[in-house]
Amino acid sequence: MFRTLVFISVFFFVSLASFAQDTTAFRYARRINAADMRPYLAVLASDSLEGRETGRAGQKKAASFIAGVFLKEGLQPCVNGGYFQHTSLSARANKGRSFQVNEKYFVFMRDYFYPPGIVDSLFVVNSIVFAGHGILQNGHNDYNGLDAKNSAVLFLEKDPGNKAPENLSKKIRDAKEKGAAVALIITDSLEQIINDFSYRNLVLPTAEMPYAFITREMAKNFFAAGKVRAFEKKIKKCERTGKPCGIAASTEALLSFVKETERLRGENVLGFLPGTDKKDEVLVLTAHYDHLGTHDSLIYYGADDDGSGTTAVLEMAKIFSEAAKEGFRPRRSILFMPVSGEEKGLLGSKYYVNHPVFPLDATVANLNTDMIGRTDEKHDSLGIREYVYIIGSDKLSTTLHSINETANASFTQLELDYTYNRPEDPNRYYYRSDHYNFAKNNIPVIFYFNGSHADYHKPSDTIDKIQFDLLAKRTQLIFLTAWELANREDRIKVDVKNDMPNRKED
Ligand SMILES: [Zn+2]
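The rules behind the values
As a convention, each chain's residues are numbered from 1 in the sequence order in which they are written. Reporting of local features is limited, given that this is a predicted model, to residues whose pLDDT is at least 70; pairs of side-chain atoms are given and counted only at 80 or more, and all residues count toward the totals for whole chains, interfaces and linings. Secondary structure is summarised from DSSP: a helix means a run of H or I of at least four residues, a strand means a run of E of at least two, and numbering begins at the N terminus for each. Here contacts are defined at the residue level, using C-beta atoms placed from the backbone and a cut-off of 7 Å between them. If DSSP finds at least two bridges between two strands, the strands pair. The convention used is that axes are lines fitted to C-alpha atoms, helices contributing only their stretch in contact, and that angles between N-to-C directions extend from 0 to 180 degrees. Neighbour density around each residue's C-beta defines its exposure: 20 or more other C-beta atoms within 10 Å make it buried, 12 or fewer make it exposed, and counts between make it partly exposed, where C-beta atoms are placed from the backbone. We call a set of buried Ala, Val, Leu, Ile, Met, Phe, Trp, Tyr and Cys residues a nonpolar core when their C-beta atoms link them within 7 Å. A helix is expected to span 1.5 Å multiplied by its residue count minus one. A residue's pLDDT is the confidence the predictor assigns to it, expressed on a 0 to 100 scale. Geometric relationships in this document are graded by angle, where less than 35 degrees denotes roughly parallel, more than 145 denotes roughly antiparallel, 65 to 115 denotes roughly perpendicular, and other angles denote oblique. Polarity classes work like this: nonpolar for Ala, Val, Leu, Ile, Met, Phe, Trp, Tyr, Cys and Pro, charged for Asp, Glu, Lys and Arg, and polar for all others, with Gly in that last group. The arc in question is the one traced by the directions running from the helix axis out to the C-beta atoms. By definition, any crossing whose near helix is turned counterclockwise from its far helix by less than a right angle is left-handed, and any crossing with a clockwise turn is right-handed.

**With respect to the overall build of the protein**
A count of helical and extended segments in the protein gives 15 helices and 21 strands. Within the protein, contacts between residues at least 6 apart in sequence are counted, and of these 83% link residues at least 24 apart.

Following this line, the structure appears as structure tokens:
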């Protein structure tokens, strides 16, 4: 049937037809269901896993739990007889105590960020100066009437008129010249700076003094409770008028800029299902099971991020194993691999591609799932619940793209939203989860995603907000795409030119 149709060369209908014939695939896809998935997530997003921060006890417990599921389902261990690939990677020091203001601790990469190369220093400041836009030129003096000596100087990243900064290096130099101990740059796009710096070779100023980017929210903490409103008013006025509008306050800030990197130990958990006649080719299904951990005694549960994706991988492992036991083993092998270290900079997946257990040139594709248990504001406001964002599917292989579309058209019928797949999209999600480490190695990927929401990277990302029926349906789409990739006659080809920027290597 398949061949006959190939000869009449209507490609789209060929793949549609192959699905339509494959009632077996649909039969197994139907077994993926909300009731089976909930118990997995109930463990992953429980108190006892403490937010699954890489290197901590909660992450180790999560790894054991995942390995236990693989064992129960009969997946093969493939790393020296075990399920764990122990990863040891360097991450920027994130000791949780490196930035403390008025007895509150801030988290590196969540609240603030500074690039490597900043001088190693530990110091205490007792005075804070807010110097508007931090500009000192052409008669504009944001330091007017302020004594910045030995202070932490805060200023806005942007220039007046909400413009991108013309010369951020000069702003930092000026703060130093005014005698500041440290420059703290208030930004509204911390995440973007981190991502651009990490993945797109964004060049940040090199400066002879310590500086850091901090969020607006964090900036408020430099002011005593009674002064926060005054500070907020100042910021607003400053942005509205563009005029100098400094403010000074006394505070207690203990800053420790640690230059050296931290060795982070985590685990990737690998469950292997060997294929039949094409078993040397491997399909990799990933999701990161680590999250942000516990801070200020608040657990960051990460139920959606990425407990939902991890749950999807576990459920697919279960169903593919059942199919294998019942005589429908996939032709290609499938590696189910929940990874850790994602929240620290995609470290687990990076470790895997640098130490692959199966050759990368025999790796046919990576389907990565990061947040698929909820809906975002955009779709809520449109009244569309059954959707998923598809990212990366057409970047390396047109066939991969059409397989996913066909699987959806013939079964799940979700609305596939390609908004974040556009190269000009400012969020650049393509670079922001584990699939990117595979894409960098010319392995076609799809990243499945529900979009961001108000609970993203907050303690409130909890299991009660997960829509399990939707999670199951999205998992069915990934499953069917995986089924086709693993069972089709021809391995999908890389037929799109890879024009991705090289990633800065640490
Ligand atoms: Zn995530």
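**Notes on the sheet that holds strand 21 (residues 445–449)**
Read from one edge of the open sheet, seven strands run 13-17-14-18-21-19-20, paired in mixed fashion. The sheet is open, and its two borders are formed by strand 13 (271–273) and strand 20 (415–417), each paired with just one other strand. Neighbour-to-neighbour, the strand axes of the sheet open up by a mean angle of 20°, direction not taken into account. Taken together, the three bridges between strand 13 and strand 17 (residues 332–339) define a ladder with antiparallel strand orientation.

**Some words on the pairing of strand 18 (residues 363–369)**
Among the seven residues of strand 18, seven are classified as buried, and the element is accordingly described as predominantly covered. Taken together, the five bridges between strand 14 (residues 278–288) and strand 18 define a ladder with parallel strand orientation. Bridge pairing links Val282 to Thr363 in strand 18. Relative to strand 21, strand 18 runs parallel, the two sharing four bridges. Paired with Asn368 across the bridge in strand 21 is Phe447.

**Some words on the nonpolar core**
Ranked by size, the top nonpolar core spans 93 residues in total, and within it Leu283, Leu285, Met316 and Ala482 carry the most contacts. Ignoring sequence-local partners within four residues, the contact set of Met316 consists of Leu285, Phe336, Thr475, Ile478, Phe479 and Ala482. Of all hydrophobic cores here, the second largest spans 46 residues; its members include Tyr112, Leu146, Ala152 and Ile186.

**Comments concerning helix 13 (residues 398–412)**
Here helix 13 spans 20 Å end to end across 15 residues, near enough to the 21 Å set by a 1.5 Å rise per residue. Those residues of helix 13 not exposed but buried are Thr399, Leu400, His401, Ile403, Asn404, Thr406, Ala407, Phe411 and Thr412. Positive phi shows up at Gln413, right after helix 13, with a value of about 50°.

**Thoughts on the confidence of the model for the protein**
On average, residues of the protein carry a pLDDT of 87, and 89% of them reach 70 or more. Note on residues 93–97: pLDDT is under 50 here. Beyond four places in sequence and across chains, it has 13 contacts.

**Structural notes on the packing of helix 4 (residues 34–44) against helix 15 (residues 468–487)**
Running from amino to carboxyl end, helix 4 crosses helix 15 at an angle of 105°, the nearest separation of the two axes being 9 Å. Taken together, the axis directions place helix 4 and helix 15 in an arrangement best described as roughly perpendicular. Two secondary-structure elements touch here, helix 4 through Ala34, Met37 and Arg38 and helix 15 through Phe468, Asp469, Leu471 and Ala472. Residues of the contact of helix 4 with helix 15, tallied by class, amount to five nonpolar, no polar and two charged.

**Some remarks on unusual backbone geometry**
Of note, the bond from Asp305 into Asp306 is cis; its omega dihedral lies within 30 degrees of zero at -10°. Among the structural elements, Asp306 can be located in helix 10 (residues 303–325). In this structure, Met371 takes a positive phi of about 75° despite not being glycine. Relative to the elements of secondary structure, Met371 occurs in the loop between strand 18 and helix 12 (377–382).

**Things to note about helix 6 (residues 168–177)**
For helix 6, every residue scored as buried is listed here: Leu168, Lys171, Ile172, Asp174 and Ala175. Here the buried residues of helix 6 occupy an arc of 160° about the axis, which is enough to place them on one side. Elements that come into contact with the buried residues of helix 6 comprise strand 6 (136–137), strand 8 (152–156), strand 9 (182–187) and strand 10 (211–215). Just downstream of helix 6 lies Gly179, where phi reads positive at about 95°.

**Here we look at the pairing of strand 10**
For a regular strand, side-chain orientation follows a simple rule: the groups alternate between the two sheet faces. Counted residue by residue, strand 10 has four buried out of five residues, so it is predominantly covered. With two bridges connecting them, strand 4 (residues 112–113) and strand 10 associate as antiparallel partners. Bridging across to strand 10, Phe113 finds its partner in Phe213. Strand direction decides the pairing type here: strand 9 and strand 10, joined by five bridges, are parallel. The residue of strand 10 that forms the bridge with Ile185 is Phe213.

**Details of the environment of Ser297**
Position of Ser297 among the secondary structure elements: in the loop between strand 15 (293–295) and strand 16 (298–300). It is 9.7 Å that separates the C-alpha atoms of Ser297 and Glu50, two residues lying 247 residues apart in sequence.

**A word on the environment of Leu41**
Note that Leu41 resides in helix 4. For the pair Leu41 and Thr311, spaced 270 residues apart in sequence, the C-alpha to C-alpha distance is 5.9 Å. Among all residues touching Leu41, those that are not within four sequence positions of it are Ala303, Gly307, Ser308, Thr311, Ile463 and Ile466.

**Examining the packing of helix 10 against helix 15**
Interhelical geometry of helix 10 versus helix 15 gives an angle of 55° and a closest axis separation of 10 Å. Put simply, helix 10 runs oblique to helix 15. The crossing of helix 10 and helix 15 is right-handed. Taking contact as the criterion, the partners of Ser308, Thr311, Ala312, Glu315, Met316 and Ile319 in helix 10 are, on helix 15, Leu471, Thr475, Ile478, Phe479 and Ala482. For the contact of helix 10 with helix 15, the per-class residue count stands at seven nonpolar, three polar and one charged.

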